[in-house]
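Here's the letter readout for the chains.
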Amino acid sequence: MTMSRPLPRLGEIIAGYSVLKKVGEGNRGVVYQARDARGETVALKVLKPDCARDADLVREFLDEAAATDRIDHEGVVKVLGDGAEDGRHHLLMEFVDGPPLDRVLTERGRISWRTATRIMIGLANGLAAAHAKGLIHRDVKPANILLMRDGSPKIVDFGIVKDIGTLKGFLVNGRRVGTAAYASPEQCLGKRLSESTDMYSLGATFYHMVCGRPPFEGKSTTEVMKKHVRALPVPPADLIRTLPKGLSKAIEKMLAKKQTDRFESMEKLASDLEMILEGKVAISAGKPRVERTSTRGSRPPRTAWRNKAGA
């Protein structure tokens with residue numbers, strides 16, 4: 001068993017950077033703002049001690065550096081380096097002086113459709129760069145999106161994927177990767193994933209941004225996952241009357257149950273959203289379909305909903 005040290009104290013020096021304050025926390029890591037003697041500020045992400053005892057979790061944590069290093073795009077937070085000191089694993093990342101999208105939504109409820117669409121275009125372009133390198137995110141959600149002071153978004157928490165075609169459902173190396181509120185039907189059913197999986201989760205995030213809530217809610221993770229598989233979301237334009245019909249149709253297309261019914265690429269999505277902003281196009285979505293196999297007693301695999309927290 002690998003020995004690990006407690007989480008750092010404020011003022012402690014790690015990799016030449018002084019820990020200033022805690023700025024975020026997930027299931028596996030804690031993020032701090034840190035600064036070196038030259039005044040350079042970075043985000044220092046430290047693997048939690050209990051996770052550091054698991055070799056698979058350590059490998060997945062370090063995979064984030066390897067994956068992000070392959071993506072050169074302003075919409076993806078850069079990982080500057082990684083290391084370990086006496087069993088304490090860390091990543092040094094670009095520091096974004098702005099809030100996560102989930103905090104913004106908690107405070108404001110929803111975002112104007114124009115602002116949300118501009119953010120979505122930036123996210124689509126960032127994910128397009130990742131897909132071009134053979135990577136899919138698998139956990140696109142408001143908590144994994146940071147907003148800079150000028151409103152432009154940056155995506156965080158990438159994991160490396162060597163072969164997209166081998167990914168299935170929520171589980172990677174026996175562990176769940178994904179969050180039920182923004183999960184695709186194929187994740188919930190344990191089916192093969194693709195770049196279109198990110199499209200669905202991005203659509204669920206877009207829906208939350210303009211409507212003030214995710215497309216599906218429920219009393220349990222199981223209930224939410226079943227809705228992703230079997231139910232159709234209320235059209236965004238039915239909830240927000242000022243929403244352009246074309247934008248509502250675009251969100252519905254992102255949330256299509258079948259992967260082949262969604263936008264064919266992030267580039268196509270970004271292009272169409274640009275045209276919607278300019279008032280040049282109205283997306284026409286076909287009649288939503290639910291896969292036949294998903295309505296005949298299908299249920300998400302048990303292992304997929306045991307842990308309600310996001311990955």
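Look up: the structure comes first, before these words.
Procedures and definitions
Position numbers for residues count from 1 along each chain, tracking the sequence in the order it is written. Given that this is a predicted model, residues contribute local features only at a pLDDT of at least 70 and side-chain atom pairs are listed and counted only at 80 or more, while totals for whole chains, interfaces and linings are drawn from all residues. Where side-chain values are given, they derive from all heavy atoms of the structure, hydrogens and water being excluded. Numbered from the N terminus, helices here are DSSP runs of H or I no shorter than four residues, and strands are runs of E no shorter than two. DSSP bridges decide pairing: two strands pair if at least two such bridges lie between them. Should any heavy atoms of two residues lie within 4.5 Å, those residues are counted as being in contact. Every axis in this analysis is a line fitted to C-alpha atoms, fitted for helices over the stretch in contact. Angles between the N-to-C directions lie between 0 and 180 degrees. For a helix, the expected span equals 1.5 Å multiplied by the number of residues minus one. Burial here depends on accessible area, computed with a 1.4 Å probe over protein chains only, as a share of the maximum for the residue type. Under 20% is buried, over 50% is exposed, and the range in between is partly exposed.

A. Fine view of unusual backbone geometry. Although it is not a glycine, Ala15 adopts a positive phi angle of roughly 55 degrees. The residue Ala15 is located in the loop between strand 1 (13–14) and strand 2 (17–25) in this model. Phi is positive for Arg138, close to 80 degrees, though the residue is something other than glycine. Counting through the fold element by element, Arg138 comes out in the loop between helix 4 (113–132) and strand 7 (145–147).

B. Spotlight on the environment of Ile276. Looking at the secondary structure, you find Ile276 in helix 10 (residues 266–277). Sequence spacing of Ile276 and Lys245 is 31 residues, and the spatial spacing of their C-alpha atoms is 9.8 Å.

C. Examining the pairing of strand 5 (residues 79–85) more closely. Pairing of strand 5 with strand 6 (residues 88–94), which is carried by 6 bridges, proceeds in the antiparallel orientation. Directly across from Glu85, in strand 6, lies its bridge partner Arg88. Adjacent in sequence and paired antiparallel, strand 5 and strand 6 are bridged by 2 residues, among which Asp86 carries a positive phi angle near 55 degrees.

D. Inspection of the sheet that holds strand 5 at higher detail. Strand order in the open sheet formed by 6 strands is 1-2-3-4-6-5, and the pairing between neighbours is antiparallel. With one partner strand each, in any of the chains shown, strand 1 and strand 5 form the two edges of the open sheet. One ladder, built from 2 bridges, connects strand 1 with strand 2; its direction is antiparallel. Within strand 2, the position partnered with Ile14 by the bridge is Tyr17. In the packing of helix 2 (residues 55–69) onto the sheet, contacts are made with strand 4 (41–47), strand 5 and strand 6, and the angle to strand 6 comes to roughly 25 degrees.

E. Up close: helix 6 (residues 195–211). Spanning 17 residues, helix 6 covers 25 Å between terminal C-alpha atoms, matching the ideal 24 Å at 1.5 Å per step. The buried fraction of helix 6 is high, at 16 of 17 residues. One or two positions beyond helix 6, positive phi appears at Gly212, with a value near 90 degrees.

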